[in-house]
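# Topology and contacts: notes
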Amino acid sequence: MSDIPPFLRSLLTRRSMLAVTLAAPLSAAGSAKAQVKYPNGPVRVILPFAAGGVADITARLVAERLGEKLGQRFVIENMPGAGGVAAARAVLQAPADGQTLALFSNGTAISVPLFKQLRFDPVNEFVPISTLGTFDFLFVTAADAPYKTLGDLLKFAKANSGLANIGTVTAGSTQNLSAELFKASAKVDMSIVPFKATPEILLAVTKHDIYMAIDSYASMQGLIEAGKIRALASSGAMRGETTPDLPTVAESGVPGFDVTSWNAIFAQKGTPQPIIDQLNSAIRDVLREQELRVAFLKLGITPIASSPAELAMRLKSDIEKWGAVIKSAGIEQQ
């Protein structure tokens, strides 16, 4: 700039400084736009279950903590319906901005092969965020039944082909398919009796109308503690934290048997990755809280977070697993 006259050099310098001054707020505005605060209002978490169930209770516990942590209310909305279609469609009709989330479960994985036309695709229309918890099912019998272990019942069933039976809720439910998987894995001839609701199953098992029942710990806890029914085994690959003294089905004579149910949070595909990452981190923090952990374990649920990749793998694996069980059991698609 040595050849530029002093007055012009001064003018250019002032203009350069002015340009920098004007550019600064524009740059800040662009940065603010790129880093939009999340959440920017109440977050809807839509469940495919009615209020009052284990999934609903645990989701509300997590929602309350997430609201406190992220500074906005997380509102649970219950939209029960076959296959979880109503809940999933409600999420898909909202913007992909993380303000409307879905709770999926093991039942979602079952719905994919169980329904001819599910009307939503949990694998390709949604992105996983994190699991909230996992839980096993309990295999129970009447407290005064002659068999003290699942091994005893299996021995009786094999010696009396077709006589023993298992009670579960609705055909096509996780409990019902767990019974089908148990029959196939144990190579035992037992009929499966579907009931409309868990209380009917528990009444039937205490009256010896059925030999065994399969359902969640939360639904059976009262009768177990009252000495009305006896837990024989848990369905997971490892003993549960809630029932550490109870052997697994695999330990009881059915090697490789593993049914672990789960609940998890998903978002609509297209949700910005920073929002997915923020929610995953927040859920991890919330599930580490001791008070929440104790509340979960009282319901028979182990609070456990996952990475989105781990959850995606679990969903796909369970779709394949339950699809094979449905096909093998000859269950007609709905």
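The structure contained in this document is the topic of the report that follows. All of these numbers come straight from a predicted model, not from anything done at the bench.

This part covers the overall build of the chain. Of regular secondary structure, the chain possesses eleven helices and eleven strands. A fraction of 78% describes how many contacts in the chain between residues 6 or more apart in sequence connect residues 24 or more apart.

Let us now look at the packing of aromatic side chains. In total, this model carries eleven aromatic pairs according to the counting rule given. Here the aromatic rings of Phe104 and Phe120 are separated by 5.9 Å at their centres, their planes lie at 35°, and the arrangement is tilted. One end of the pair, Phe104, is in strand S3 (residues 100–105); the other, Phe120, is in the loop between helix H4 (106–114) and strand S4 (126–135), with 16 residues separating them in the sequence. For the pair Phe104 and Phe120, one class covers both residues: buried. Aromatic pair Phe104 and Phe266: ring centres 4.8 Å apart, planes at 40°, arrangement tilted.

Taken N-terminus to C-terminus, the directions of helix H2 (residues 54–70) and helix H9 (residues 273–287) make an angle of 115°; their axes are 10 Å apart at the nearest point. Considering how the two elements wind past one another, H2 and H9 form a crossing that is right-handed. Taken together, the residues of H9 that come into contact with H2 (itself represented by Val62, Arg65, Leu66, Lys69 and Leu70) are Gln278, Leu279, Ala282, Ile283, Asp285, Val286 and Leu287. Considering only residue class, the contact of H2 with H9 consists of eight nonpolar, one polar and three charged.

This part is about the nonpolar core. Soluble globular proteins tend to pack their nonpolar side chains together in the buried interior. Counting residues in hydrophobic clusters, the biggest one holds 83 residues, and the most contacted among them are Phe74, Leu101, Phe126, Leu150, Phe182 and Met212. For this core, the element with the most residues is H9, which contributes seven residues. Ignoring sequence-local partners within four residues, the contact set of Leu150 consists of Phe139, Phe182, Met212, Leu232, Ala233, Val249 and Ser252. In terms of nonpolar packing, the next biggest core, distinct from the first, is built from 14 residues, Leu138, Val205, Tyr217 and Met220 among them.

Before going further, it helps to examine the sheet that holds strand S8 (residues 212–216). Picture the strands of a sheet paired through backbone hydrogen bonds; they go either parallel or antiparallel. The five strands are arranged S7-S6-S8-S5-S9 in an open sheet whose pairing can be described as mixed. Of all the strands in the sheet, the pair left with one neighbour each is strand S7 (191–195) and strand S9 (229–234). The sheet shows a mean angle of 30° between the axes of neighbouring strands, taken without regard to direction. Pairing of strand S6 (residues 165–169) with S7 involves five bridges; the strand directions are parallel. Looking at S7, one finds that Ile166 is bridged to Ile192. Helix H5 (residues 150–159) contacts strand S5 (137–142), S8 and S9 of the sheet and is inclined by roughly 90° relative to S9.

Reading the values: rules and limits
- Residues numbered from 1 in each chain as written.
- Predicted model: local features only at pLDDT ≥ 70, side-chain atom pairs only at ≥ 80, totals over all residues.
- Heavy atoms only, no water.
- Helix = DSSP H or I, 4+ residues; strand = E, 2+ residues; numbered from the N terminus.
- Contact = heavy atoms within 4.5 Å.
- Phe/Tyr/Trp six-rings, centres within 6.5 Å; stacked < 30°, edge-to-face > 60°.
- Buried < 20%, exposed > 50% of the residue type's maximum accessible area, 1.4 Å probe, protein only.
- Axes fitted to C-alpha atoms, helices over the stretch in contact; angles between N-to-C directions.
- Left-handed = near helix turned anticlockwise from the far one by under 90°.
- Nonpolar A, V, L, I, M, F, W, Y, C, P; charged D, E, K, R; others polar.
- Core = buried A, V, L, I, M, F, W, Y, C linked by side-chain atoms within 4.5 Å.
- Pairing = 2+ DSSP bridges.

All we've got here are geometric facts, nothing functional implied.
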